Amino acid sequence: MMPPLRPAHETKHVPVLACPFRAHLFHLAQLDDGHTNGSALWLGAQCLSLFFSDSLSLKHRPPPAQLRPRAIELGSGIGLSALALASMGWDVIATDLNDVVSSVLASNIARNLAQLPPDAGNVQVRVLDWTVPPDHWVWDDAQTIASAQVEKPHPAGQPGPLLGPPFDLILTSDTIYSADLVTPLLRALHALCHVSASELRTPPVYLCLERRDPALTDYALSQAKDPWNFKVERIPHKKLAKAIEKAGAHWEKGDWEGVEIWKLSLRS
């Protein structure tokens, strides 16, 4: 029997989380040591994963490896969203700062990816610091896309051929928490859309946040529109509520009512 799906704020004290997702059970280590926000589970990652479960499912059997859709996540934290997408047949680059990668993310991905069925997607972990300008990023390094520091190699090797752009999906959650990081984050999202653009489309960006600071949230969304030229649409609250209910999460309204998912589309 699967354990109950508990909201993240109830489990900060748990060193290894048992996170049910569809037919899978991910075991995810987290830290609550105050060193970095990214080493613990946050509600945004939970809600975004459940939304994807309800809205991004592949209609047929997972495709062969060379045809899998490809995603990149900024601020992957303990790895829940990346693993959720992989379990649905997506290839994912999971990124974060080196402290998060080396403390929880790389080991969580390696341990749980090995438990997924053979037709699941792949997850590769790399360091990506958004404060580094995109013209300094590299895609041929198995450890690091961009960093402002000298990195220590993280413990997990990268399974399969090295992933890179173009991407079919860009995601980030729980990353709107500091005004100083809004511009670097939006610049990074804009760059990822550009490097993935085709004549027909650019990939959607899904941004999930908790509206803890309404002024900061409104500022970030306003900046996304101008100067970064994104069309900004909120996913209806009812759609998220449906996904949470469908997943069997018996949460009270107050457990997640501040969570919002926004879809950003780069205008041509």
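In this report, we go over the structure that sits alongside the text. (Residues numbered from 1 in each chain as written. Predicted model: local features only at pLDDT ≥ 70, side-chain atom pairs only at ≥ 80, totals over all residues. Heavy atoms only, no water.)

**A short note on the packing of aromatic side chains**
Operational definition: Ring pairs shown here join Phe, Tyr and Trp side chains whose ring centres sit within 6.5 Å, with only the six-membered ring taken for Trp; geometry is labelled stacked below 30 degrees between planes, edge-to-face above 60, and tilted in between. Exposed residues in this analysis have more than 50% of their type's maximum accessible area, buried residues have under 20%, and partly exposed residues fall in between, with area computed by a 1.4 Å probe over protein chains only.
Scanning the model with the defined rule gives six aromatic pairs in all. Ring geometry for F21 versus F26: centroids 6.4 Å apart, planes at 20 degrees, classification stacked. With respect to class, F21 is no different from F26; both count as buried. For the ring pair W139 and F167, a centre distance of 5.7 Å and an interplane angle of 55 degrees mean the geometry is tilted.

**Some points on helix 2 (residues 80-87)**
An α-helix turns once every 3.6 residues. As a result, residues three or four positions apart point the same way. Stated formally: Comment: elements are numbered from the N terminus, with helices defined as DSSP H or I runs of at least four residues and strands as E runs of at least two.
The element helix 2 is extensively covered by neighbouring structure, given that eight of its eight residues are classed as buried. The complete set of buried residues in helix 2 reads L80, S81, A82, L83, A84, L85, A86 and S87. One or two residues past the end of helix 2 sits G89, with phi positive at roughly 100 degrees.

**A look at the nonpolar core**
Under the convention used in this document: Note on terminology: a nonpolar core comprises buried Ala, Val, Leu, Ile, Met, Phe, Trp, Tyr and Cys residues joined through side-chain atoms within 4.5 Å.
Core analysis: the largest hydrophobic core is formed by 53 residues, its most contacted members being C47, F52, L85, L169 and W251. Listed in part, the 33 residues of the second largest apolar core include V182, L192, L264 and L266.

**Some details on the pairing of strand 5 (residues 123-128)**
To keep it simple, the criterion reads: Pairing between strands is defined by DSSP: at least two bridges between them are needed. Seen with its strands pointing away from the viewer, a crossover is right-handed if its path from the first strand over the helix to the second goes clockwise.
Among the six residues of strand 5, six are classified as buried, and the element is accordingly described as predominantly covered. Because side chains alternate across strand 5, one face comprises the buried residues V123, V125 and V127, and the other comprises Q124, R126 and L128, equally buried. Where strand 4 (residues 91-96) meets strand 5, five bridges bridge the pair, whose relative direction is parallel. Note on strand 5: the bridge partner recorded for T95 is R126. The parallel pair strand 4 and strand 5, bridged by helix 3 (residues 98-113), forms a crossover whose chirality is right-handed.

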